[in-house]
Amino acid sequence: MGNLLKVLTREIENYPHFFLDFENAQPTDCERDVWNQVNAVLQESESILSGLQAYKGAGQEIREAIQNPNDMILQERAWNSVCPLVIRLKKLYGFSLRLERALQSLLESLTCPPYTPTQHLEKEQALAKQFAEILHFTLRFDELKMRIPAIQNDFSYYRRTISRNRINNMNLDIEREVNNEMANRMSLFYAEATPMLKTLSTATTNFVTENKTLPLENTTDVLSTMASVCKVMLETPDYTCRFNSEDTLLFCMRVMVGVIILYDHVHPNGAFNKSSKIDMKGCIKVLKEQPADNVEGLLNALKFTTKHLHDESTPKNIRSMLQ
């Protein structure tokens, strides 16, 4: 099967088990069109993360302007500090829209008849790798964003200043770049604790809603199979030793958590229900066996960004594992 190999000869608890070569999968001719479209987006992901990581904010300038409302020099300094930051925030938001479209293109390819989701993952390994890369990027982005409160502070100051319109003729050309409608959408995006995960969850839900002739299971089975792939690779030394980089372990963990969250938002019963096709107990156990520094953010993502964890149908032992 190329880079996607069955790694176990038995089915444990009826969960699918595969080894997917996240490091080396290359597109076939059938995959290439979609792969090229998605790759054009993913090529920008590292620069997006670098830009977010370097975000310093205009906290000091804003504080000085607020404390001295009649000092127009300080008002102008704060405004001129915030405007370039808002342009940067617009770029990050715009990338989320491109990522959303890329995800939906991958879902179309990985769920369409006549193949089952598992057959798609076997035949279209490079697209599965790109799907994983989107999830990996998403969790990295959201981990960074949660550590930068300046983003919301800067954007709030920008919106307040625009609405008051106190600074006449002072770089208000920015409204051509970020009009009121764009500002509203950006505000909703950055108000989310995990904006990229929210974007992907909504995109996946919309994909299911808009494709009424496609069985829900076609989408959820892609997610549950990917979760099982990652779990098996993480818990099986014979397969983790195949990785060329230690970073691939963290990659697998992020991807596993990402598909669990998507599954939980898309499936009516969620990921934690006993009927779920994801072995949640096994996935959480695998995470807890890793160094705490590597998994704290991922466990928090399962706690705070899933939809069904606190449902009555969630087994108590699962809930207690995440406390």
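The paragraphs below set out a description of the structure included in this document. (Residues numbered from 1 in each chain as written. Predicted model: local features only at pLDDT ≥ 70, side-chain atom pairs only at ≥ 80, totals over all residues. Heavy atoms only, no water.)

1. Some points on the overall build of the chain
- Per the secondary structure count, the chain includes 16 helices and two strands.
- By the compact-globule yardstick of 20 Å for 323 residues, the chain fits well, its C-alpha radius of gyration being 22 Å.
- When the backbone C-alpha atoms are referred to their principal axes, the chain occupies close to 75 × 45 × 40 Å.
- Considering only residue pairs separated by 6 or more positions, the chain has 75% of its internal contacts joining residues 24 or more positions apart.
- Between the averaged position of the 36 positive side-chain charges in the chain and that of its 40 negative side-chain charges there is a distance of 5 Å. (Helix = DSSP H or I, 4+ residues; strand = E, 2+ residues; numbered from the N terminus. Rg over C-alpha atoms; globule rule 2.2 N^0.38 Å. Contact = heavy atoms within 4.5 Å. Lys, Arg positive; Asp, Glu negative; His and termini not counted. Charge placed at Lys NZ, Arg CZ, Asp CG, Glu CD.)

2. Observations regarding empty space enclosed by the protein
- Going through the model one piece at a time under the given rule, you end up with three cavities of 30 Å³ or more.
- Among the elements of the structure, helix 6 (125-146) and helix 15 (292-304) are those that each provide at least two residues to the lining of the largest cavity.
- The residue makeup of the lining of the largest cavity, split by class, is four nonpolar, two polar and two charged. (1 Å grid on protein atoms, 1.4 Å probe; cavity = no way out; pocket = protein on both sides within 12 Å on 5 of 7 lines; lining within 4 Å. Points joined across faces, edges and corners; volume = space filled by probe spheres on them. Nonpolar A, V, L, I, M, F, W, Y, C, P; charged D, E, K, R; others polar.)

3. Thoughts on the side chain of threonine 305
- Turning to its location among the elements, threonine 305 is positioned in the loop between helix 15 and helix 16 (316-321).
- At 2.5 Å, the side chain of threonine 305 forms a polar contact with the backbone oxygen of alanine 301. (Polar contact = N/O pair within 3.5 Å; in protein donor to acceptor, adjacent residues only side chain to side chain.)

4. Points about the layout of surface pockets
- The volume enclosed by the largest pocket comes to roughly 350 Å³.
- Together, 17 residues line the largest pocket, and Arg140, Glu143, Leu144, Arg147 and Arg254 are the ones closest to its centre.
- Counting residues per element, the ones that place at least two in the lining of the largest pocket are helix 2 (45-53), helix 6, helix 13 (247-266) and helix 15.
- If you tally residues by element for the lining of the largest pocket, the top one is helix 15, at six residues.
- Per-class residue counts for the lining of the largest pocket are five nonpolar, five polar and seven charged.

5. Side note on the environment of glutamate 289
- With respect to the helices and strands, the residue glutamate 289 is situated in the loop between helix 14 (280-288) and helix 15.
- Distance from glutamate 289 to glutamate 235, taken between C-alpha atoms, is 9.0 Å for residues 54 residues apart in sequence.

6. Points about the packing of helix 4 (residues 72-111) against helix 7 (residues 150-164)
- Running from amino to carboxyl end, helix 4 crosses helix 7 at an angle of 115°, the nearest separation of the two axes being 9 Å. In this structure, helix 4 crosses over helix 7, and the sense of that crossing is left-handed. Residues Gln75, Ala78, Trp79, Val82, Leu85, Val86 and Leu89 of helix 4 form the contact with helix 7, whose participating residues are Ile151, Asp154, Phe155, Tyr157, Tyr158, Thr161 and Ile162.
- For the contact of helix 4 with helix 7, a count of residues per class yields eleven nonpolar, two polar and one charged. (Axes fitted to C-alpha atoms, helices over the stretch in contact; angles between N-to-C directions. Left-handed = near helix turned anticlockwise from the far one by under 90°.)

7. A closer look at helix 1 (residues 32-42)
- Listed as buried for helix 1 are Val34, Trp35, Val38, Val41 and Leu42. Viewed along the axis of helix 1, the buried residues span an arc of 120°, placing them on a single side of the element.
- Where the residues of helix 1 are buried, they touch helix 2, helix 4 and helix 6. (Buried < 20%, exposed > 50% of the residue type's maximum accessible area, 1.4 Å probe, protein only. Arc of directions from axis to C-beta.)

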